[in-house]
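An overview of the molecular structure
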Amino acid sequence: MGHPETTRLEDALTLILGAASKQKRETENCPVMQAYGRILAEDIKSPIDLPQTDNAAVDGFAFHTDSLAESPERPLKIIGSARAGHPFDGQVKTGEALRIYTGAILPKGPNCIIMHEDCTDKGNSVICHKRLSAGTNIRPRGENLNAGEVVGKKGHRITAADMGQLAASGCAELRVYRPLKAVIFSTGDEVIDAGRMRQTGQIFDSNRPILAGLLQQEDIQIIDGGIISDKKEALVTAYQSGLARADIILSSGGASDGIEDHSQYALREIGAELLFWRLAMKPGRPMAAAHKEGKMIFCLPGNPVAAFVCFKLLVAPAIDALSGRIPRQPLVVKIKSGFQHKKQAGRAEYLRAVIQTDSTGQQQIALHGRKGAGVISSVAGVDGLVEIPLDAIAVELGDMLNFIPFQEQAL
Ligand code: AMP
Ligand code: MG
């Protein structure tokens, strides 16, 4: 028997994104205050200039530069005041000044504002000690945004800064895509839930908690499908009920081709179209992806580290495509290797890594934790993944490698 065919990560991604783009996406309204993490379903343009008027950037006195053109120390007559939310109605003429506070609308007349600390306030008049040019300390109308400018792009995932900007331009409610629902289940006769009495040979499920955490990070509604036994019929039922309840089905375990591994059989039984079932990647070789009517099914490896890495590299992009999001481009930074490593050609490796500083103060990548696809301690506490290319057979100290940081370590 020849070596079974494996799919490269980039080809697997193309297949997944192609299938995910067939999903029909529903939309709903969402108040801006609750919009964090939601995906915009339409472009949003600011209906107003921001700020809507010229206004004061400092506390001080507003006047026209012509007033001091001939004698810079000439006292200017104070004719009133303007505060934020309390505009001054009149005009400020040459030779006059208006007491003004940050955020107040600039009335007709003045073209600059002198700060308190740069003048002497005599109560009825003010003497300036600094020469100002037109525009000094004035925030011009439209400095932030012009009416018609796009403040939110369709497919963009809303951040805290976006919420501020959208509200600032007067937007109270957004049209967003309906959040995705995912069913997660684990498979294996040896797997039980933490908190239960354990018998010899049984292990506590770590994949469902990992997947639950990763999905919470993505703002996806989770339906817990529990633990499914290693029986063909049980798996078929689990996938079928998943398809009926969710947009995305994530199972772990039973994805290779051993006698206990029935996920491929189950996928055929439910009429799903298989996209691939072995990856040219480590960890993560035994992994299948399939789709049916725009819904995606991922049979992730049973080994917890492999399940985690496959989620990050393949499921997260699929979630983007399914949820209408413009696919995120994970940050990839080139950093020198602080470790040596040997591998076989033909499989890209994604090792768990941390960033350290060497004796000269330069950053380098160090491997984290114990080796092996089942060693969950190697993912807890990592900064990200280091990629060892498919064709490489060794990594030497100082080699420049791609490092993909995880969100947890970013600000
Ligand atoms: P499998 O792909 O089902 O052959 O599983 C590969 C390895 O991962 C086996 O040692 C399983 O016991 C282990 N494993 C499978 N599912 C889980 C799980 N949910 N939590 C922890 N380990 C698991
Ligand atoms: Mg199993």
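Residues numbered from 1 in each chain as written. Chains lettered and ligands numbered in written order. Predicted model: local features only at pLDDT ≥ 70, side-chain atom pairs only at ≥ 80, totals over all residues. Heavy atoms only, no water.

Thoughts on the environment of I365
Stated formally: Secondary structure is summarised from DSSP: a helix means a run of H or I of at least four residues, a strand means a run of E of at least two, and numbering begins at the N terminus for each. Using a 1.4 Å probe on the protein chains alone, a residue whose accessible area is under 20% of its type maximum counts as buried, one over 50% counts as exposed, and one in between counts as partly exposed. Should any heavy atoms of two residues lie within 4.5 Å, those residues are counted as being in contact.
Tracing the sequence through the fold places I365 in strand β25 (residues 363–367). In this structure I365 comes out as buried when scored by relative accessible area, which is 0%. A sequence separation of 43 residues divides I365 from E408, and the C-alpha atoms of the two residues are 17 Å apart. I365 has contacts with I335, K336, S337, G338, F339, A353, V354, I355, V386, L401 and F403, leaving out every residue within four places of it along the chain.

Details of the pattern of salt bridges
As a reminder of what qualifies: A side-chain nitrogen of Lys or Arg and a carboxyl oxygen of Asp or Glu constitute a salt bridge if their distance falls within 4 Å.
Counted by the stated rule, this structure contains 15 salt bridges. One salt bridge connects E10 with R8, and the closest N-O pair in it is separated by 3.8 Å. Given the relative accessible area of 38%, R8 is considered partly exposed. As a salt-bridge pair, R99 and D121 come within 2.6 Å of each other at their nearest N and O atoms.

Things to note about the sheet that holds strand β13 (residues 181–187)
Stated precisely, the cut-off is as follows: Here a strand pair is declared whenever DSSP counts at least two bridges between the two strands. Angles shown run from 0 to 180 degrees and are taken between the N-to-C directions of axes, each axis being a line fitted to C-alpha atoms and, for helices, limited to the stretch in contact.
Judged by pairing direction, the sheet is mixed, and its 6 strands sit side by side in the order β16-β13-β17-β21-β20-β18 without closing on themselves. Across the chains shown, the open sheet's two edge strands, defined by having one partner strand only, are β16 (221–228) and β18 (273–276). Each neighbouring strand pair of the sheet contributes to a mean axis angle of 20 degrees, computed without reference to strand direction. Across 5 bridges, the pairing between strand β17 (residues 248–252) and strand β21 (residues 295–300) is parallel. Among the inter-strand pairings, I249 is bridged to a residue of β21, identified as I297. Those strands touched by helix α4 (residues 232–245) are β13, β16, β17, β20 (288–292) and β21, and its axis lies near 170 degrees from that of β13.

Some points on helix α6 (residues 304–323)
The following threshold applies: Here the bend at a residue means the angle between the axes of two seven-residue stretches, the one that ends at it and the one that starts at it.
The sharpest bend along α6 measures roughly 45 degrees and falls at F311. At the C-terminal side of α6, G324 shows a positive phi close to 85 degrees.

A short note on the site of ligand 1
Counted only if it meets this: The nearness test applies per residue and asks whether one of its heavy atoms lies within 4 Å of the molecule or strand. Throughout this description, a polar contact denotes any pair of N or O atoms lying within 3.5 Å of each other; where both atoms belong to protein, one of them has to be capable of donating a hydrogen while the other can accept it, and for residues adjacent in sequence the pair is counted only when both atoms sit in side chains. Per-residue and other accessible areas follow the Shrake-Rupley method at a 1.4 Å probe size, with only the shown protein chains counted as cover for residues.
Near ligand 1, the surroundings consist of 14 residues, among which E190, D205, S206, G254 and G302 are the closest. A distance of 2.7 Å separates a nitrogen atom of ligand 1 from a polar side-chain atom of D205. Here N303 contributes a backbone N or O atom positioned 3.3 Å from an oxygen atom of ligand 1. Bound to the protein, ligand 1 loses 73% of the 490 Å² it would expose on its own. Counting only elements with at least two residues in the shell around ligand 1, the list comes to β13 and β15 (203–204).

So, the side chain of Q202
Looking at the secondary structure, you find Q202 in the loop between β14 (191–192) and β15. Residue class for Q202 comes out buried when judged on its relative accessible area of 18%. Apart from the residues lying within four places of it in its own chain, the contact partners of Q202 are E190, I192 and M197.

Thoughts on the packing of helix α1 (residues 9–20) against α6
Cut-off, in case you're wondering: Should an angle fall under 35 degrees it is called roughly parallel, over 145 degrees roughly antiparallel, and 65 to 115 degrees roughly perpendicular, with every other angle called oblique. Here a crossing is taken to be left-handed if its near helix is turned anticlockwise relative to the far helix by less than a right angle, and right-handed if that turn runs clockwise.
Viewed as axis vectors pointing N to C, α1 and α6 meet at an angle of 25 degrees, and their least axial separation amounts to 9 Å. Classed by the angle they form, the pair α1 and α6 counts as roughly parallel. As for the relative orientation of α1 and α6, their crossing is right-handed in sense. Between α1 and α6, the residues in contact are L9, A12, L13, I16, L17 and A20 and L313, L314, P317, A318, A321 and L322, respectively.

Some remarks on the nonpolar core
Heads up, the condition is: Think of a nonpolar core as a cluster: buried Ala, Val, Leu, Ile, Met, Phe, Trp, Tyr and Cys residues, connected wherever their side-chain atoms sit within 4.5 Å.
I16, L250, F298, L300, F311 and Y350 are the most contacted members of the largest nonpolar core, which totals 48 residues. Every element with two or more residues in this core is listed here: α1, β13, α3 (207–217), β17, β18, β21, α6 and β24 (348–357). Per-element tally for this core: the top contributor is α6, with 14 residues. Not counting chain neighbours up to four residues away, the residues in contact with L250 comprise V183, I184, F185, L211, L215, F298, L300, F311 and V315.

Comments concerning the packing of α3 against α6
What counts, and what does not: Following the grouping adopted for this structure description, the nonpolar residues are Ala, Val, Leu, Ile, Met, Phe, Trp, Tyr, Cys and Pro, the charged ones are Asp, Glu, Lys and Arg, and the polar ones are all others, Gly among them.
Put simply, α3 and α6 touch, their axes get as near as 11 Å, and they point 30 degrees apart. Relative to α6, α3 is oriented roughly parallel. For the element pair α3 and α6, the recorded crossing hand is right-handed. When α3 is examined against α6, the residues N207, I210, L211, L214, L215 and Q217 are found in contact with a partner set consisting of P304, A307, F308, F311, K312 and I319. Across the contact of α3 with α6, the residue classes break down as 9 nonpolar, 2 polar and 1 charged.

A closer look at the environment of I192
Considering the arrangement of structural elements, one finds I192 in strand β14. The spacing of I192 and N111 is 81 residues in sequence and 73 Å in space, taken between C-alpha atoms. Contacts of I192, omitting those with residues within four sequence positions, involve M197, R198, Q202, I203, F204, D205 and I227.

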